[in-house]
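Letter by letter, the chains look like this.
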Amino acid sequence: MNKPLVAALASLAITGIGTAPAVAAPQTAKAAAVTVNFAGTVSLSNCSGSVIRFPNSADSDPALVLTNGHCLETGFPDPGEVITGQSSSRTFGLLNSSGTRVATLRANQVVYSTMTDTDITIYRTTTTYAAIKSSYGISPLTVSASHPVAGTAIKVVSGYWKTIYSCNIDGFVYRLKEGDWTWKDSVRYTSACNTIGGTSGSPVIDTTTGQVVAVNNTGNEDGERCTVDNPCEVDENGTVTVRQGINYAEETYIIPACFTTGNVLSLSASGCTLPKP
């Protein structure tokens, strides 16, 4: 995993503080890129995240924050575990476009958290999108309801490090296995997105649409096979591939179908495929 900050500090002398790649990924000629900055991202105590909305969310809905399952303050969810409706008072530093912290948001609930099939935690905050916009001029990031596309130019925006990584979606991984956890249909980055500890939970943004298509979560650090901090790729035939130095994210397009009016979680909703408790 792009582990939470405490576990990553020892590696900083070697890796640096996640400086953005010197050469940005090329943009496609058929569509102009949108401006991607830090507005709407958040810093957690040990991870990154973002204020998100879904295509059908209303401005009056409670604002949601997306990060990784392994960033949950009560510890990593076990394989097969799904957490819903857990009380929380976690705080998030809300960033503006330049990466300046302009407010502190507070959660009142872990709406959903798991490390099974995917690696996500979604918090409900005590405020609304409209209130955040009125007070700070910041809008949430919209989660795309469409599967991402290989070759797409993306940016991984870390609210913790205030660093933006630029690369492309290299492809998709049938199963990504790390320690006891297995994730399905993961995003593999091209090598320019050299994310590090503390970038866990960063939104992965399609530079053409400006929408969130995945959440950054892991990378193979040492070339080991399927161990913690060294995920391996497993294809449909069970063939294992190790790609040292390559990083990954978990797709988010399956999330919107699981939320109904008022940003209420409904795991029984039509089309919802998120793991259930």
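Going by the structure above, here's the rest.
Here goes a summary of the coordinates provided. (Residues numbered from 1 in each chain as written. Predicted model: local features only at pLDDT ≥ 70, side-chain atom pairs only at ≥ 80, totals over all residues. Heavy atoms only, no water.)

Some words on the overall build of the chain
Now for step 1: Looking only at helices and strands, the chain features 3 helices and 18 strands.
Now for step 2: The buried share of the chain, taken over its 277 residues, is 54%.
Now for step 3: Here the contacts in the chain between residues at least 6 apart in sequence split such that 68% fall between residues at least 24 apart. (Helix = DSSP H or I, 4+ residues; strand = E, 2+ residues; numbered from the N terminus. Buried < 20%, exposed > 50% of the residue type's maximum accessible area, 1.4 Å probe, protein only. Contact = heavy atoms within 4.5 Å.)

Focus on the side chain of threonine 199
Now for step 1: Relative to the helices and strands, threonine 199 resides in the loop between β11 (181-189) and β12 (203-206).
Now for step 2: Setting aside its immediate chain neighbours within four residues, threonine 199 contacts Asn2, Ser48, Ser158, Trp161, Tyr165 and Asn216.

Some details on the pairing of strand β16 (residues 247-251)
Now for step 1: Counted residue by residue, β16 has 5 buried out of 5 residues, so it is predominantly covered.
Now for step 2: As paired elements, β11 and β16 share 2 bridges and run antiparallel to each other. Bridge pairing in β16 links arginine 188 to tyrosine 248.
Now for step 3: With 5 bridges joining them, strand β13 (residues 212-219) and β16 adopt antiparallel strand pairing. Pairing of glycine 219 across the sheet is with asparagine 247, part of β16. (Pairing = 2+ DSSP bridges.)

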